[in-house]
Amino acid sequence: MLTLAGIAVGFGALKADVNVHGDGLVNLGAVPTDVVAQLAHLLARGLCTEIAANL
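As the structure is a computational prediction, the values presented were derived from the model and not from experiment.

Conventions we followed
Residues numbered from 1 in each chain as written. Predicted model: local features only at pLDDT ≥ 70, side-chain atom pairs only at ≥ 80, totals over all residues. Heavy atoms only, no water. Helix = DSSP H or I, 4+ residues; strand = E, 2+ residues; numbered from the N terminus. Rg over C-alpha atoms; globule rule 2.2 N^0.38 Å. Buried < 20%, exposed > 50% of the residue type's maximum accessible area, 1.4 Å probe, protein only. Contact = heavy atoms within 4.5 Å. Areas by Shrake-Rupley, 256 points an atom, 1.4 Å probe, with all protein chains shown as cover. Pairing = 2+ DSSP bridges. Patch = residues over 30% accessible without salt bridge, like charges linked within 9 Å, V, L, I, M, F, W, Y side chains within 5 Å. Salt bridge = Lys/Arg side-chain N within 4 Å of Asp/Glu carboxyl O. pLDDT = per-residue confidence, 0-100.

**Section: the overall build of the protein chain**
So, point 1. Within the protein chain, the regular secondary structure consists of two helices and two strands.
So, point 2. Computed over its C-alpha atoms, the radius of gyration of the protein chain comes to 14 Å, more than 25% above the 10 Å expected for a compact globule of 55 residues.
So, point 3. In terms of principal-axis extent, the alpha carbons of the protein chain reach across some 35 × 30 × 15 Å.
So, point 4. Counting the 55 residues in the protein chain, one finds 7% classified as buried.
So, point 5. Across the protein chain, every contact between residues at least 6 apart in sequence was considered, and the portion connecting residues at least 24 apart equals 27%.
So, point 6. Accessible area for the protein chain stands at about 4,500 Å²; split by element, carbon and sulfur atoms hold 64% of it.

Take a look at the structure:
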């Protein structure tokens, strides 16, 4: 999905793991400021879409 959003390049240090309780963990590493802004926009847009679908 990051590739579709055009921001995959900004996540070179992305690592996923699971803790002993089975909870998923994601470490983004160093992320450029512009990529953070784009990701925040996408998350907010997705949340708004989900809320609208549940009204």
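**Looking at the pairing of strand β2 (residues 24-27)**
So, point 1. When strand β1 (residues 15-18) meets β2, the two strands line up antiparallel, connected through four bridges. Bridge pairing in β2 places Lys15 opposite Asn27.

**What to know about a nonpolar patch on the surface**
So, point 1. Together, Leu14, Val26 and Leu28 make up a nonpolar patch on the protein surface, roughly 260 Å² of accessible area in all.
So, point 2. Position of Leu14 among the secondary structure elements: in the loop between α1 (2-5) and β1.

**As for the confidence of the model for the protein chain**
So, point 1. Of all residues in the protein chain, 100% attain a pLDDT of 70 or more, and the chain-wide mean is 89.
So, point 2. Taken element by element, the predicted model of the protein chain shows its lowest mean pLDDT in α1 (81) and its highest in helix α2 (residues 33-53) (93).

**Structural notes on the environment of Met1**
So, point 1. Its location among the elements puts Met1 in the segment before α1.
So, point 2. Once the C-alpha coordinates of Met1 and Arg45 are considered, the two residues, 44 residues apart in sequence, prove to be 14 Å apart.

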